[in-house]
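Residue-level listing of the chains:
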Amino acid sequence: MCTVTLYRSTDRLLVTMNRDERRNRSEELPPRRAGGQGEARWIGPADGETGGTWFGANDRGMVACLLNAYAPGDLELVSSGDAPSRGWIIPELLVRTPEKATHWLTSDLDPTVFPSFTLLLATIQSVDVYSWRLDTGVARTTLEDGWTMVTSSWWRAADVVRWRRERFAKWCDDGARMEHGVPAFNLLEVVDRREWSPMMTRSFSITRSLSQAELAPGRPDVHVRYWRRDDEHPIEPVRPTAAATLRLADSQTHS
């Protein structure tokens, strides 16, 4: 489960991610800084249960986010406790430059030990999506400029994903409205479709947080904001739980 909206143009990158998780999972930790000492520096929230993360941005102008995916055999693999956490993949990527991260991901990482996932690696230059499925293997695609949405759901997956795509298309057609810098689509909670909405609420799981990273014209840094959701209450875009900037190591990364 999770939903990512992404906007990329020649001089701007905006990535916003809803993290959906089971209600009884450990508390999230707000964004913290990591890396350095010869590695890229990066910032992102952390999972209180495993210490890994689903979202982060580094000082080389790269944003990465990971969504769980669902294929036959995934629930058994997760339940067995034998699979490593998918949450350590992003920290491994973000200590690298975009070029070295791509090489590590395509040449050194063995995805077969993990349950299925979808991973987005985004820079102002390009956005690549890497998909690993237990039943179909690895696929890689490059996204076009403009707005894109990627989402997943294990509950009524085909119906929920289709509904979200239709809502996203309508949001784009209506002008892609923003609320204090946050895409209104990420905040969407339809009263009679709370289990389907990007701002999701179910009896066993819920949207736990919203994370965002932006590289914008004229700024030598990446700006990261994070909102922790208070149970079933709406997120207020104007009041992030935490916000931080990370200066880019090389201004050419943002040119």
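Because the structure is predicted, anything quoted here is derived from the model rather than measured. (Residues numbered from 1 in each chain as written. Predicted model: local features only at pLDDT ≥ 70, side-chain atom pairs only at ≥ 80, totals over all residues. Heavy atoms only, no water.)

**Observations regarding the overall build of the protein chain**
Link 1 in the chain: The number of helices and strands found in the protein chain is four helices and 15 strands.
Link 2 in the chain: Taken against the 2.2 N^0.38 rule, which gives 18 Å for 255 residues, the C-alpha radius of gyration of the protein chain at 17 Å falls within 12% of a compact globule.
Link 3 in the chain: On the principal axes, the C-alpha backbone points of the protein chain span a range of 45 × 40 × 35 Å.
Link 4 in the chain: The buried share of the protein chain, taken over its 255 residues, is 52%.
Link 5 in the chain: Within the protein chain, residue pairs in contact and separated by at least 24 positions form 61% of the contacts whose partners lie at least 6 positions apart.
Link 6 in the chain: Accessible surface for the protein chain amounts to roughly 11,600 Å². Of this, 48% is attributable to carbon and sulfur atoms. (Helix = DSSP H or I, 4+ residues; strand = E, 2+ residues; numbered from the N terminus. Rg over C-alpha atoms; globule rule 2.2 N^0.38 Å. Buried < 20%, exposed > 50% of the residue type's maximum accessible area, 1.4 Å probe, protein only. Contact = heavy atoms within 4.5 Å. Areas by Shrake-Rupley, 256 points an atom, 1.4 Å probe, with all protein chains shown as cover.)

**Some words on the side chain of S131**
Link 1 in the chain: Relative to the helices and strands, S131 resides in strand β8 (residues 127–133).
Link 2 in the chain: Here S131 is in contact with F117, T118, G137, V138 and A139, once residues within four sequence places are set aside.

**What about the packing of aromatic side chains?**
Link 1 in the chain: Under the criterion given, the structure shown has eleven aromatic pairs.
Link 2 in the chain: Seen from their ring centres, Y7 and W147 are 5.2 Å apart, and the 50° between their planes marks the pair as tilted. Remark: W147 occurs in strand β10 (residues 146–152) and Y7 occurs in strand β1 (residues 2–8); sequence separation between them is 140 residues.
Link 3 in the chain: Relative accessible area serves as the criterion here: at 21%, Y7 is assigned to the partly exposed category.
Link 4 in the chain: An aromatic cluster is present here, built from Y7, W147, F168, W171 and F185 joined pairwise through their rings.
Link 5 in the chain: Sitting over the ring of W155, R156 keeps its end group 5.6 Å from the ring centre.
Link 6 in the chain: Seen from the ring of W196, R193 lies directly overhead, with NZ or CZ sitting 4.8 Å from the centre. (Phe/Tyr/Trp six-rings, centres within 6.5 Å; stacked < 30°, edge-to-face > 60°. Lys NZ or Arg CZ within 6 Å of the ring centre and 35° of its normal.)

**Overview of the nonpolar core**
Link 1 in the chain: Among the nonpolar cores identified, the biggest contains 27 residues, and L13, V15, M17, F55, V63 and L120 are the most heavily contacted of them.
Link 2 in the chain: Leaving out residues up to four positions away in the same chain, V63 has contacts with L13, V15, F55, G56, A57, L120, L121, A122, A213 and L215.
Link 3 in the chain: With 19 residues, the next largest nonpolar core counts L93, L94, L121 and Y130 among its residues. (Core = buried A, V, L, I, M, F, W, Y, C linked by side-chain atoms within 4.5 Å.)

**Describing the sheet that holds β1**
Link 1 in the chain: Here six strands make up an open sheet; going across it, the order is β10-β1-β2-β13-β14-β15 and the pairing antiparallel. Looking at which strands have only one partner, the edges of the open sheet turn out to be β10 and β15 (242–247). On average, each strand axis in the sheet is tilted by 15° relative to the strand beside it, whichever way the strands run.
Link 2 in the chain: Pairing of strand β14 (residues 221–228) with β15 involves six bridges; the strand directions are antiparallel. Within β15, the residue paired with V224 across the bridge is A244.
Link 3 in the chain: Of the strands in this sheet, β1, β2 (13–22) and β10 are in contact with helix α4 (residues 157–173), which crosses β10 at around 160°. (Pairing = 2+ DSSP bridges. Axes fitted to C-alpha atoms, helices over the stretch in contact; angles between N-to-C directions.)

**Structural notes on the layout of surface pockets**
Link 1 in the chain: In this structure, the largest pocket encloses a volume near 780 Å³.
Link 2 in the chain: Lining the largest pocket are 32 residues, with E21, R25, N68, V78 and R86 sitting closest to its centre.
Link 3 in the chain: Looking at the lining of the largest pocket, the elements that each hand over two or more residues are β2, β6 (63–68) and α1 (74–80).
Link 4 in the chain: The biggest single contributor to the lining of the largest pocket is α1, with five residues.
Link 5 in the chain: When grouped by side-chain class, the residues that make up the lining of the largest pocket number 14 nonpolar, nine polar and nine charged.
Link 6 in the chain: In this model, the second largest pocket occupies a volume close to 320 Å³.
Link 7 in the chain: For the second largest pocket, the lining is made up of 13 residues, of which T118, R133, T151, S152 and R165 are closest to its centre.
Link 8 in the chain: At the level of elements, β8, β10 and α4 are the ones that each hand at least two residues to the lining of the second largest pocket.
Link 9 in the chain: Here the lining of the second largest pocket takes four residues from β10, the largest share from any one element. (1 Å grid on protein atoms, 1.4 Å probe; cavity = no way out; pocket = protein on both sides within 12 Å on 5 of 7 lines; lining within 4 Å. Points joined across faces, edges and corners; volume = space filled by probe spheres on them. Nonpolar A, V, L, I, M, F, W, Y, C, P; charged D, E, K, R; others polar.)

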